[in-house]
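Each chain is listed here by its residues.
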Amino acid sequence: MAIFTSPIAKRRWHNFKANKRGYWSAILFAILFVLTLCAELIANDKPLLVQFDGGFYTPVITTYTEQDFGGEFEIAADYRDPYIADLINENGWMLWPPIRFSYDTINYDVEGPVPSAPTAENWLGTDDQGRDVMARVIYGFRISVLFGLSLTIIGSIVGILLGACMGFFGGLVDLLGQRVVEIWRSLPGLYVLIIITSFLAPSFLTLLIAMALFAWLSLIDVVRAEFLRARNFDHVKAARALGVSDGVIMLRHVLPNAMIATITFMPFILSGAITSLTSLDFLGFGLPPGSPSLGELVAQGKNNLQAPWLGFSAFFSLASILILLTFVGEAVRDAFDPRKAAPPPPKQVGPEAKKLAEQQAQKAAPAAEVATQ
């Protein structure tokens, strides 16, 4: 807790807030991410709450059968089925989310061929399979950000560990590490990912592991340079002379200095991870078919030029994510840059301090008049 209350942390927070564009971008991005985490409460083909025959049911949480609502079959209730809806409405009511479609719900009542244009029921229209585009954008936003955060965390941990060992120990460890990094970096990452994902069963986890093989390369050079510089500091040499172990020195004395340069890269690494996932989904080597993906929506927009709402929805969703993350990254970079210090906030002067200042000014006025005479 002392880290967040230190004068340096307060100065950095003040510098971050001084960048209004980045500060409000971070707030807007956090609001959108929190809303998409509750996507099931915003876009779903199940009611949030059902009151039937004096009892309350939560279909979003629990799966109920048709027999629970007076139906004939012991199968999961389809609340969009007019038969089930009439049974429930005769003896109760249903509370629906704002969007009555999930990401995989097909709207069989759409008029005309699909993809269909935006309507009051489908706010952004439907895709080429009759699924609601707005619901797929909401779920796609969530899965893109969660994937990007997971990949950023895994890549940062691996990159920081390897860069720290190379920079702190130097010598043969650094030499071998640089050769491995050069060989690994020379591999065409996108083609290797396509080859790996082509023979593995597509899933969130396998795609995350495959992309994590190259995600650590973005931070290793920065961390290595910081550890090379910080290992010669006087306090690090003093800690060695006192017999402190290398692990404690790296963790307590060197890593905090290296994290300053590392944190500034985090928003840009996150935006790069989201872009990589979108690229693989666009090419058909990403998430499993049917998953809510912004890249798959981009591909649908390319294949259905007669339905511009598909391309526009995907474009504005991706552009919003990347622009917000870019602005946040610029604000974080300014916050940790000592050369870009924002002016301190004005101090709030209380009534007692104002009265004391006026009394001192009145006492000083006669002395000033005598001095002038």
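The structure under discussion appears in the preceding block.
Fair warning: this is a prediction, and the values are worked out from it, not measured in the lab. (Residues numbered from 1 in each chain as written. Predicted model: local features only at pLDDT ≥ 70, side-chain atom pairs only at ≥ 80, totals over all residues. Heavy atoms only, no water.)

S.K.: Summarise the packing of aromatic side chains; cite the residues concerned and give the values.
M.R.: Following the criterion strictly, the structure yields 17 aromatic pairs and no others. Each ring, one from Tyr23 and one from Trp24, has its centre 5.5 Å from the other, and the planes form 70°; the classification is edge-to-face. Judged by relative accessible area, which is 18%, Tyr23 ranks as buried. When the ring of Phe147 is compared with that of Phe204, the centres are 5.3 Å apart and the planes differ by 90°; the resulting orientation is edge-to-face. In this pair, Phe147 sits in helix 6 (residues 133-169) while Phe204 sits in helix 9 (residues 204-215), placing the two residues 57 residues apart along the sequence. Judged by its relative accessible area of 0%, Phe147 falls in the buried class. Within the aromatic cluster, the residues linked to one another by ring pairs are Phe52, Tyr57, Tyr64, Phe69 and Tyr79. (Phe/Tyr/Trp six-rings, centres within 6.5 Å; stacked < 30°, edge-to-face > 60°. Buried < 20%, exposed > 50% of the residue type's maximum accessible area, 1.4 Å probe, protein only. Helix = DSSP H or I, 4+ residues; strand = E, 2+ residues; numbered from the N terminus.)

S.K.: Account for the pattern of salt bridges, naming residues and giving values.
M.R.: Taken as a whole and judged by the stated rule, the model has 11 salt bridges. Close ionic contact of Arg136 with Asp127 constitutes a salt bridge, the shortest N to O distance being 4.0 Å. Each member of the pair, Arg136 as well as Asp127, carries the same accessibility label: buried. The shortest N-O distance in the salt bridge between Arg136 and Glu296 comes to 3.3 Å. With Arg136 in helix 6 and Glu296 in helix 14 (residues 294-303), this residue pair connects regions lying 160 residues apart in the sequence. Three or more residues are tied together by salt bridges with common partners; here these are Asp127, Arg131, Arg136 and Glu296. (Salt bridge = Lys/Arg side-chain N within 4 Å of Asp/Glu carboxyl O.)

S.K.: Report on empty space enclosed by the protein, specifying residues and quantitative values.
M.R.: As enumerated under the stated definition, the model contains one cavity of 30 Å³ or more in all. Volume-wise, the largest cavity comes out at about 40 Å³. (1 Å grid on protein atoms, 1.4 Å probe; cavity = no way out; pocket = protein on both sides within 12 Å on 5 of 7 lines; lining within 4 Å. Points joined across faces, edges and corners; volume = space filled by probe spheres on them.)

S.K.: Residues and numbers for a nonpolar patch on the surface, please.
M.R.: A grouping of Leu37, Leu146, Leu149, Ile153, Ile154, Ile157, Val158, Leu161 and Leu162 is seen on the molecular surface, where their side chains present a nonpolar patch of about 710 Å² in accessible area. Looking at the nonpolar patch, the element that brings in the most residues is helix 6, giving eight residues. With respect to the helices, strands and loops of the structure, Ile153 is situated in helix 6. The exposure class assigned to Ile153 is exposed, which follows from its relative accessible area of 51%. (Patch = residues over 30% accessible without salt bridge, like charges linked within 9 Å, V, L, I, M, F, W, Y side chains within 5 Å. Areas by Shrake-Rupley, 256 points an atom, 1.4 Å probe, with all protein chains shown as cover.)

S.K.: Which residues make up the side chain of Asn107, and what are the values?
M.R.: Looking at where Asn107 falls in the secondary structure, it is placed in the loop between strand 3 (92-95) and helix 6. Within polar-contact distance, the side chain of Asn107 engages the side chain of Asn122 at 3.0 Å. Beyond its immediate sequence surroundings of up to four residues, Asn107 is in contact with Arg80, Phe101, Glu121, Asn122 and Gly130. (Polar contact = N/O pair within 3.5 Å; in protein donor to acceptor, adjacent residues only side chain to side chain. Contact = heavy atoms within 4.5 Å.)

S.K.: Just give me the short version of the sheet that holds strand 1 (residues 49-52), but keep the residues and values in it.
M.R.: Spatially, 2-1-3 is the arrangement adopted by the three strands of the open sheet, whose pairing is antiparallel. Of all strands in the sheet, those with a lone pairing partner are strand 2 (55-57) and strand 3, marking the two edges. Sheet twist, expressed as the average angle between the axes of neighbouring strands with direction ignored, equals 15°. The pairing of strand 1 with strand 3 spans four bridges and is antiparallel. Bridge pairing in strand 3 places Gln51 opposite Trp93. Across the sheet, helix 5 (residues 82-91) is in contact with strand 1 and strand 3; its angle to strand 3 comes to roughly 120°. (Pairing = 2+ DSSP bridges. Axes fitted to C-alpha atoms, helices over the stretch in contact; angles between N-to-C directions.)

S.K.: Residues and numbers for the layout of surface pockets, please.
M.R.: Each pocket or cavity is described by its volume, and for the second largest pocket that value is around 380 Å³. As for the second largest pocket, its lining consists of 17 residues, and the residues nearest its centre are Ile263, Met266, Pro267, Val328 and Val332. Every element with two or more residues in the lining of the second largest pocket is listed here: helix 3 (20-37), helix 6, helix 13 (266-283) and helix 15 (308-336). The leading source of residues in the lining of the second largest pocket is helix 6, at five residues. Residues of the lining of the second largest pocket, tallied by class, amount to 15 nonpolar, two polar and no charged. (Nonpolar A, V, L, I, M, F, W, Y, C, P; charged D, E, K, R; others polar.)

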